[in-house]
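Structural characterization, general
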Amino acid sequence: RTGMPFASVAGTDVFFGGAEDPAAGLGQVVLLVHGAFDHHDLWRDVVPALARDHTPVAVDLPGHGRSPGPVLDRAEAYRAFLAGLTDALRLPPFVFCGHSMGGSMAVDFALHHPDRVAGLIPIGSSPDWDIPDFFIDGWDTDPEAVYRENRDYLFSKRTARGLIDAYDRQMRETPPAHCQADMRTCASFDQAGRLGEVRTPTAVIYGDEEFWIDGSRALHAGIAGATLDILPAAGHALPLEQPDALSAAILRFLDSLAR
């Protein structure tokens, strides 16, 4: 696709935003990976702040946003995909910044490819996820109910209704079958017993109204030397709710890597 920011991974187009040539950037290369039901636009208010001194790369996972797929549904499949993506983009050792499911991918990738990762930033994430059957089977039987229920867990009580409604519309752009695949992916992560093996510098970030708070606490407790930022007036959708505070926390961590 001439002139468009696509990489080819295993013969499939993968869209990425941010830096046009990630291998030739400045500062730290930061791979930004969204979570379930989402796409690269999650990072729209974070990328400009990072791009002043670093090289952000915001990817659409297969079957999400502008990446056509096929969608994946296992941690191991995403690990192989991300290895292929970093090869295709010729990335140097990079900082893996992932939201929710993307944060679990970051930890998984660092466990299996520690030489490729210079830093980890799991945001509102977890080493494993206890996914109720409704959030997997419901995509077949009543997707509208699952979209609705999922939204209720995502935001701070202080978040503007307009932002919540806009995100709800965006989330529904991800087909139910792809949402179901995301839930199967989350259910496949099993890292709790291996966090002590992570040697990559790590910054754990979550909002003060995070619903899945136990996951972030487990990451912070389990990864030696991990730092912790708890950002106010934010739930799970932190990159949308508090992009300025999140960007500042990410930049502090990137600066610490340079010292």
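How each quantity is defined
- Residues numbered from 1 in each chain as written.
- Predicted model: local features only at pLDDT ≥ 70, side-chain atom pairs only at ≥ 80, totals over all residues.
- Heavy atoms only, no water.
- Helix = DSSP H or I, 4+ residues; strand = E, 2+ residues; numbered from the N terminus.
- Buried < 20%, exposed > 50% of the residue type's maximum accessible area, 1.4 Å probe, protein only.
- Contact = heavy atoms within 4.5 Å.
- Pairing = 2+ DSSP bridges.
- Phe/Tyr/Trp six-rings, centres within 6.5 Å; stacked < 30°, edge-to-face > 60°.
- Salt bridge = Lys/Arg side-chain N within 4 Å of Asp/Glu carboxyl O.
- 1 Å grid on protein atoms, 1.4 Å probe; cavity = no way out; pocket = protein on both sides within 12 Å on 5 of 7 lines; lining within 4 Å.
- Points joined across faces, edges and corners; volume = space filled by probe spheres on them.
- Nonpolar A, V, L, I, M, F, W, Y, C, P; charged D, E, K, R; others polar.
- Axes fitted to C-alpha atoms, helices over the stretch in contact; angles between N-to-C directions.
- Parallel < 35°, antiparallel > 145°, perpendicular 65-115°, else oblique.

Let's shift gears to the side chain of Thr55. Among the secondary structure elements, Thr55 is positioned in strand β4 (residues 55–59). The exposure class of Thr55 is buried, given its relative accessible area of 3%. For Thr55, the residues in contact, after removing those within four places along its chain, are Ala19, Pro22, Gly25, Leu26, Gln28, Val29 and Val30.

In terms of burial, strand β3 (residues 29–33) is a largely internal element, 5 of the 5 residues being buried. As judged from the 4 bridges shared by β3 and strand β5 (residues 94–99), these two strands associate in the parallel manner. Counted as the bridge partner of Val30 is Val95 from β5.

Summed over the entire model, instances satisfying the criterion amount to 14 aromatic pairs. Ring centres 5.1 Å apart and planes at 85 degrees place the aromatic pair Phe211 and Trp212 in the edge-to-face group. Exposure remark for Phe211: the relative accessible area of 46% places this residue in the partly exposed category. Residue Trp212 is classed as partly exposed on the basis of its relative accessible area of 26%. A network of ring pairs unites the aromatic residues Trp129, Phe134, Phe135, Tyr153, Phe211 and Trp212 as a single cluster.

Residue Pro70 follows Gly69 across a cis peptide bond; omega there is 10 degrees. Relative to the helices and strands, Pro70 is located in the loop between β4 and α2 (75–88). Despite not being glycine, Phe37 shows a phi value in the positive range, around 65 degrees. Inspection of the secondary structure puts Phe37 in the loop between β3 and α1 (47–51).

Before going further, it helps to examine the pattern of salt bridges. What the rule picks out here adds up to 14 salt bridges. Asp165 is the salt-bridge partner of Arg161, the closest N and O atoms lying 3.5 Å from each other. In this pair, Arg161 and Asp165 are both assigned in helix α6 (residues 161–171), 4 residues apart and thus about one turn of the helix distant. Take Asp165: its relative accessible area is 30%, and that puts it in the partly exposed class. In this structure, the salt-bridge partner of Arg172 is Asp168, at a minimum N-O distance of 3.1 Å. By relative accessible area, which is 9% here, Asp168 ends up buried. Each of Glu144, Arg148, Arg151, Asp168 and Arg172 takes part in a single network of salt bridges with overlapping partners.

This paragraph deals with the layout of surface pockets. Any empty space left between the atoms is revealed when a probe the size of a water molecule rolls over them. Size it by volume and the largest pocket reaches roughly 490 Å³. Of all the elements in the fold, those that place two or more residues in the lining of the largest pocket are α5 (143–151), α7 (176–188) and α8 (213–222). In terms of residue count, the dominant contributor to the lining of the largest pocket is α8 (3 residues). A per-class count over the lining of the largest pocket returns 15 nonpolar, 7 polar and 5 charged.

Take the packing of α2 against helix α3 (residues 101–112) next. The contact between α2 and α3 brings their axes to 10 Å, and the two run at 75 degrees. Here α2 is positioned roughly perpendicular relative to α3, judged by the angle of their axes. Within the contact between the two elements, α2 uses Ala75, Tyr78, Arg79, Leu82, Ala83 and Thr86 and α3 uses Met105, Asp108, Phe109 and His112. Looking at the contact of α2 with α3 residue by residue, the class counts come to 6 nonpolar, 2 polar and 2 charged.

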